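Spelled out, the chains give:
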Amino acid sequence: MRSRPSIAAVLVCLAAAAVSAPAAERFLVIDVTGASRVVDGLVIDSERVYARDEQGVLRSRPITDVLAIMRTDPGTRLTYPGLLITVDGQRLPGHLTMRTATRPDAFVWMHPWMGQVEATLEQTREIMLDGSTRIADDRARVSDVVILRNGDRIEGLVTAVGDPFEIEIDHGTTVRTMRIPLERVAAVRLVTPDIAPSGERLWFRDGTVVQVSDRRVGDDGYVRLRSAWLREDRPIQVSLGEIDAIEIGAGLITPLAGLAPVDASSSYPRFEIPPPRVASGTSVLGTHPVEMRGPLVVRYRLPERCQRFVATVSMPERARQYGDCDLILHSNGTEVFRRRFGGDMWTAPVDVALSGRDFQVEITLGEHGPVQDVLLFERAIFIRTP
């Protein structure tokens, strides 16, 4: 039975990279310093990455020098009603099957192109069954949650996933096991501890995010990969056109969107201090756009070993009539970036070195006061050392 518990150049203007290959086959290669380059003709073996640069010259570099490879036109589309999310952030679209797992604490999930995969309760963070119901991530919660299709909520300890689902409900002096038919369940979230991502991951256009043990990108436009999810110890083949990103060092990129602020304040009197707003949906590498409305000071506590912050920051067009402000970034109390937004300055790249784990974003008042001082952080990531 499962016990209860007590991740400069990304902001490059891609339109400026004029390469001859179709946009669908262009990728942004991000190296371990945060620098990036738009390439085409991507080929990867066990040791090196080969690609043509903006001038059409074929170049190569050690794969250990590469942090991630992102398609310039990511187009993730969730086309399956169900989604399995693991404790280390892997995402497997598909549906629950009634096939018997090989382990008593596991269940069988049908993935659209990997086929049957087995997951244990300890590996599972969330299961979506109806394609729409999500359960908010509440770190203070100590019980698993089952949401029924009629909206009812049941809390306890999930002990079996299938038909029926089984959940133990603690009534203080007694523990009762409730069995819920599969057709009534919309979503489940477990309180299993998170595990930091590691190794290499592929991000697919169908919403799949999977850790791989081996990956080769051939010059024929196909990717051969191995994964622990596969029942047979042999590679499978998928088209490179189905891949949005290759994350060489999973866990070395921490998106701004994935961090919860320590606090938010303002030196200007405000009826309400709006927290950073993270765009919904699925974003490659988890880099959802983050919107902040000034005047505002937001503090973050970074993961260990964060060495750089890179992003593209812009003032949305809807705010440019009256919006004007300064963006100031501090790392461990030291100012590392300052840029004015307003007039004819609407977009700016950010690429700064970091020291320590305290990171502060400040949006100050401009000449027009606290009106439309909105900034959007896109592809905003912290880069960690291994």
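My aim in this report is to walk through the structure given alongside it, one point at a time. (Residues numbered from 1 in each chain as written. Predicted model: local features only at pLDDT ≥ 70, side-chain atom pairs only at ≥ 80, totals over all residues. Heavy atoms only, no water.)

### Some points on the pairing of strand S4 (residues 58-62)
Here's step 1: Relative to S4, strand S3 (residues 48-52) runs antiparallel, the two being bridged by five bridges. Directly across from Arg 52, in S4, lies its bridge partner Leu 58.
Here's step 2: Counted along the chain from S3 to the antiparallel partner S4, the turn is five residues long, and its residue Gly 56 has a positive phi close to 85°. (Pairing = 2+ DSSP bridges. Helix = DSSP H or I, 4+ residues; strand = E, 2+ residues; numbered from the N terminus.)

### A few points about the nonpolar core
General note: in soluble globular proteins, nonpolar side chains tend to be found buried as a group.
Here's step 1: The biggest cluster of nonpolar side chains holds 49 residues, and the ones touching the most others in it are Ile 69, Phe 107, Trp 109, Val 146 and Phe 165.
Here's step 2: Contact partners of Phe 107, with chain neighbours within four places excluded, come to Leu 84, Leu 96, Ala 101, Val 117, Glu 118, Ala 119, Thr 120, Leu 121, Thr 124, Ile 127 and Val 161.
Here's step 3: The next biggest cluster of nonpolar side chains, apart from the first, holds 33 residues, and it includes Leu 296, Leu 302, Val 313 and Leu 354. (Core = buried A, V, L, I, M, F, W, Y, C linked by side-chain atoms within 4.5 Å. Buried < 20%, exposed > 50% of the residue type's maximum accessible area, 1.4 Å probe, protein only. Contact = heavy atoms within 4.5 Å.)

### A closer look at unusual backbone geometry
Only a minority of non-glycine residues have a phi that is not negative, and only a minority of peptide bonds are not trans.
Here's step 1: In the segment running from Asp 163 into Pro 164, the intervening peptide bond is cis, with an omega of 15°.
Here's step 2: Within the secondary structure layout, Pro 164 lies in the loop between strand S12 (153-160) and strand S13 (165-170).
Here's step 3: Between Gly 294 and Pro 295 the backbone carries a cis peptide bond, its omega angle lying at 0°.
Here's step 4: For Pro 295, the position within the fold is in the loop between strand S25 (290-293) and strand S26 (296-301).
Here's step 5: Located in the positive-phi region is Arg 305, a residue other than glycine, with phi close to 70°.
Here's step 6: Examined against the element boundaries, Arg 305 turns out to sit in the loop between S26 and strand S27 (306-314).
Here's step 7: Positive phi, close to 55°, is recorded for Asn 332, a residue that is not glycine.
Here's step 8: Of note, Asn 332 is situated in the loop between strand S28 (325-331) and strand S29 (334-341).

Fair warning: the whole summary comes from geometry, so function is off the table for now.
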